[in-house]
Amino acid sequence: MSEIEKALAELKALMQYRADQLGQVEDFRGLGLTSRKNLCLHPSVKREKSGAVVDARCRSLTAGFVKEKKERGEDVDLCIYHDNLDLLEPHNLVPPGVFTLDGLLKYGEQHKQCPYFSARRMMPFCNVIIYSYHYLLDPKIAERVSKELSKDCIVVFDEAHNIDNVCIESLSIDLNDDILRKATRGADNLERKINEMRESDADKLQSEYAKLVEGLRDAEEARDENAFMANPALPDDLLQEAVPGNIRRAEHFIAFLKRFVEYVKMKIHVLVVSSQTPLRFLQECKESTFIEKKPLRFCAERLTSLVRTLELTNIEDYQSLQEVATFATLAATYDKGFLLILEPYESDTATVPNPILHFACLDAAIAIKPVFDRFSSVIITSGTISPLEMYPKMLGFNTVVQESYSMTLARRSFLPMIVTRGGDQSAISSGFKIRNEPGVVRNYGALLMEFSKITPDGIVVFFPSYLYMESIISMWQGMGILDEIWKFKLILVETPDSQETSLALETYRTACCNGRGAILLCVARGKVSEGIDFDHHYGRTVLCIGVPFQYTESRILKARLEFLRENYRIRENDFLSFDAMRHAAQCLGRVLRGKDDYGIMVLGDRRFLKKRNQLPKWINQAMTVAEENMSTDMAVTNAKKFLRAMAQPFGQKEQDGISTWSIQDLEKHVEKSQTDKIRELQNVQVNGNGDHAMGDGDGLTNGKGTEDNYDDDDDVDAIMRDMEA
Amino acid sequence: MSRVPGKKGPVPGRAGEDDDICPVCKSSRYLNQNMKFLINPECYHKMCESCVDRIFSSGPAPCPVAGCGRTLRKQRFRKQILQDIRIEREVDIRRRVNAVFNRRQEEFETLRDYNNYLEEVEILIFNLINKTDVEETEKKIAAYAADHRSTISRNKALAHEESINITAEAEAQREQARIRRAEDLQEEEDERREREEGKRALVERLANSKGNADAIVQEIERAQVKRSSAKGEKANLERRKENAMATQDPFGVTNGSAGAGFKIAGLKKVVEPEIEKDYDPYGGTALEHEYYVFQDQYEHSWLDKARTNPEITTGGYDVGEYCARAMFEAFAGLGCFIEDELGARNVAVDSGTATAAAAMAAGR
Ligand code: SF4
Ligand SMILES: [Zn+2]
Ligand SMILES: [Zn+2]
């Protein structure tokens, strides 16, 4: 079940609860949006494997001009699910209420209407929409999907610990030989189409031309004037301008594209590693192929317009060309925050060239800026977003309220520990110098073995990289450690192949359920660490072997570090360590997925000791001083004690009033906070000034649902005052 | 937006087998690893280096590719830069045409005029590329080039300057970054040392004093925090200053002169800037004497004495000076007609006749 589905289900339950308590059903709509691939109902389209193909085929069945053709009596296919939508009231495609994705699919099947378009068209009428970041951050998608959201929408980025990477990826482009070849082919195709059209339907080309002469904006009436989202690929003011004269005519534009593609091809075949700023790239481009900056900037828009005019349906043929055009637009739009990196070989040892031109975005603030500009309330939240100060710096915004909450738990239901020494008291670390020393590897092995003996059911182990995982596993094999562990648990391994991994996961779950118990060895930046929950018996211990630093030899990472240092004054080491710790925290968080859950969290590396403060508050607070510097045997003793405590019966009763509240508790809290406030106000009057801020909401920490039941405006004020002071 | 899928296996640098075989001598790269291909912008037929040497060393010769036969010269052979030979040719054409048609956006009244101009030029280039109306187009280009020689050369110089500026700026920025980097490193180093010193100081104090250990620790830590934050602020301030300085526009905007000939619409009318005259302290009053010609020598016996008598000359008495003054005084006032001047003034101050009359009276 995806995160979106989970959140929707939760929302549904909440609304149900509200209806029960209030005695009336509120007028409320909540929908989720995902790709066509997940929401398509068309019998043949939905069977396509790749999302891009689904999109393209759907477009060819639903585009406006296809419909026109149909009306003119031509024999073209349409999607009936899409057509049926037009028969419904446009603001009431689905009844009020919360639909999970599954529910929407079912509803769509029953009423023979397309769930994807239902959701998209209903977006302006929804109270809550849940979708993936990309719909808001990726400029190409955001423009189409999110432009109708009103300005006072509250935007919440949940699980936002990785938001900077999402931003960067949404503006980065990689080009290689294959893409360029396809782009050339796409351009040739376009040329042919243009010639065909000139013979059959020259008026269309002429009218496009006329529109372009008048200015691009008019050509695109489809765009909404007032709430149009600033597109990072094409700034708003630029859109007002007309397309440059030398790419106005379709044939000129095609020649232009071809020339540009050829230039990039030439560029990519220089078999030397190099990095360039966009400015330099443009200058060279101008010198050698007479391509100016300005038409390049219009490339993407011009191509879109051309594709629309030519009424092309098989858009996937032009995807590569579109990519090149996007690259052109971005490179010509931004001087700062981007870098072109050419890597002719896949790895340092490779001898056969496989060049890739990375157009790397280095500044996460660029992609997210339109969001901040447009929406007045943006909330960034995650369970593992720490240290908080890093995010405003990287994303270029000022926080109004910035809070880090601890957890309220009825018992100590997780045990974080830092293991710095092995059983032989020598330090353990995945530091580059000692990571492959047999002593260290053996100590890690012993750590895993001891925990596999005492932990019930599932254990999850995270390594910093695949490479290291492979080498350590083979060494364990040689030392006979795996054979030993095998006696207690089944051993499963995550691989880069997602199918293999999901098979491993399935087996792992089965083994956890049937009592055999299992160990899952995975990688801190892999798929498992991000999206998969190990609640309850699926994960009782999580073991982090080594600090999950990024691979620092990557040229893109180096460039980004340099950029951060130059522009945001974030030091390399600070960023690397922050990045490693957020991933470590993410891994640790995998095992504790609820208030009745429990689990052990072990950080196995000497270096964690110094980085302890970079852990999220709720983990850091739960760690005693003794637990931050343990040896394997101490940790095992401690864990045994913890598990014994956890094994005691634990009912709902114990949690009442602490980690779950009844209505009475809530009323008590409201009363208490009110009397506090009154006392505070009296104090203020007595003292004559108000710079003594209120205790900032111990009661706010209780998570979902409870906050909006009492008026916390003043608390917020107090916090703000506190921050200003 | 897109990441290249982790694709294994080599991708050939150049597509196609026949790319690696010389169409003239049919030797292939397979046999000769460092075979190089050359082209001649006369016909763009590709052949290997050894063929070029063999055929064209002894002077111009016809192209050996079947059906071509154009006369080629060795010295014009060069390496192919772009993979697609057609585009290579296109770029050559553009190089030639763009060298002539190098108007800048600033020269046009409106953006639309500029865009129309761009399109016109593009059409010319397309004619050349597609070999339609070549002669006519060439004629147009030549005519334009002849008519606008000065504009063309000026814009060329401007473009050159611009590109140099860009390079220089990039260079300067890199240099600045390098300096900053060094500073940062130094700072980091300082900080580390300071921290260590602080630690040592702490240990010493703890060893030597009898006070509350916790209090001492706290005190020293506080001092350190203060120091480092103050430093951070200072650095920030400096950086901001630098940034403010760095944002200066390196380009100026220039006007071009308009001309007839090739039909470019919407060029800005260029107003020739007036040539600034030399500064005239007398405000236009002529120093020539209208009514007499000043002679170097005036015959007067009593003047001769003043010329020669040292008693007079030693004091600095200059006879020439005296004569000039005497002549000036004699003729001063001739040609000044007070009535006329007053009349002109009367017209200007039409309203107040009383004041005018008073002035007239005063003038007399
Ligand atoms: S309109 Fe909906 S159902 Fe039809 S092809 Fe597109 S996504 Fe599928
Ligand atoms: Zn040859
Ligand atoms: Zn030839």
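Note that the structure is predicted; figures quoted are calculated from it, not measured.

Cut-off values and rules
Residues numbered from 1 in each chain as written. Chains lettered and ligands numbered in written order. Predicted model: local features only at pLDDT ≥ 70, side-chain atom pairs only at ≥ 80, totals over all residues. Heavy atoms only, no water. UniProt positions renumbered as here; feature names shortened; annotations may be inferred. Helix = DSSP H or I, 4+ residues; strand = E, 2+ residues; numbered from the N terminus. 1 Å grid on protein atoms, 1.4 Å probe; cavity = no way out; pocket = protein on both sides within 12 Å on 5 of 7 lines; lining within 4 Å. Points joined across faces, edges and corners; volume = space filled by probe spheres on them. Contact = heavy atoms within 4.5 Å. Buried area = accessible area lost by both parts, 1.4 Å probe. Salt bridge = Lys/Arg side-chain N within 4 Å of Asp/Glu carboxyl O. Polar contact = N/O pair within 3.5 Å; in protein donor to acceptor, adjacent residues only side chain to side chain. Nonpolar A, V, L, I, M, F, W, Y, C, P; charged D, E, K, R; others polar. pLDDT = per-residue confidence, 0-100. Donors = N, O, S within 2.8 Å, 3.2 Å for Na, K, Ca; no water. Tetrahedral: all angles 85-135°; square planar, octahedral: opposite > 155°, others 65-115°. Buried < 20%, exposed > 50% of the residue type's maximum accessible area, 1.4 Å probe, protein only.

Caption draft 1: Structural detail: the UniProt feature "domain: RING-type" (unreviewed entry) in chain B. Under the UniProt annotation, the feature "domain: RING-type" (unreviewed entry) is placed at residues 22–65 of chain B. This span, residues 22–65 of chain B, is 18% helix and 18% strand, and a straight line between its end C-alpha atoms measures 11 Å.

Caption draft 2: Just empty space enclosed by the protein, in detail. All names here are of chain A. Summed over all chains, the structure comprises three cavities of 30 Å³ or more. Each pocket or cavity is described by its volume, and for the largest cavity that value is around 90 Å³. Of all the secondary-structure elements, those providing two or more residues to the lining of the largest cavity are α3 (51–62), α5 (80–85) and α7 (115–122). It is α3 that contributes the most residues to the lining of the largest cavity, three residues altogether.

Caption draft 3: Layout of the interface of chain A and chain B. Contact with chain A, which involves 56 residues of that partner, is made by 44 residues of chain B. Carbon and sulfur atoms make up 50% of the area that chain A and chain B hide from each other, which totals about 4500 Å². Taken together, the links from chain A to chain B amount to nine salt bridges. Of the charged contacts, one joins R571 of chain A and E188 of chain B as a salt bridge, the two residues approaching to 3.3 Å between their closest N and O atoms. If you look at where chain A meets chain B, you find 14 residue pairs in polar contact (both at pLDDT 80 or more). Among the elements that line the side of chain A that touches chain B, the one with the most residues is helix α15 (residues 250–268) of chain A, at nine residues. Each residue belonging to the side of chain A that touches chain B can be placed in one class, and the counts come to 18 nonpolar, 13 polar and 25 charged.

Caption draft 4: Expanded view of the confidence of the model for chain A. Residues and elements named next belong to chain A. Scored by pLDDT, chain A comes out at a mean of 84, with 91% of its residues at no less than 70. Ignoring residues within four places in sequence, the model shows residues 218–232, a span with pLDDT below 50, making 34 contacts including any to other chains. Under a pLDDT of 50 for its full length, residues 689–725 has, in the predicted model, 44 contacts with residues more than four places off or in other chains.

Caption draft 5: Fine view of the environment of K79 of chain B. Mapped onto the elements, K79 of chain B comes out in strand β5 (residues 78–79). Sequence-wise, K79 of chain B and P64 of chain B are 15 residues apart; in three dimensions their C-alpha atoms are separated by 18 Å.

Caption draft 6: Broad picture of the coordination of the zinc ion (ligand 3). Donor atoms from the polypeptide that bind the zinc ion (ligand 3) are C43 of chain B (SG), H45 of chain B (ND1), C63 of chain B (SG) and C68 of chain B (SG), placed at 1.9 to 2.4 Å. Taken together, the four donor atoms surrounding the zinc ion (ligand 3) define angles of 100 to 115° at the centre, an arrangement classified as tetrahedral.

Caption draft 7: Quick peek at the coordination of the zinc ion (ligand 2). All names here are of chain B. Within the first shell, the zinc ion (ligand 2) binds the protein through C22 (SG), C25 (SG), C48 (SG) and C51 (SG), at distances of 2.2 to 2.3 Å. One can describe the site at the zinc ion (ligand 2) as tetrahedral: its four donor atoms subtend angles covering 105 to 117° at the metal. Taken in sequence order, the residues that donate to the zinc ion (ligand 2) follow the motif C-x2-C-x22-C-x2-C. Exposure remark for C22: the relative accessible area of 0% places this residue in the buried category.

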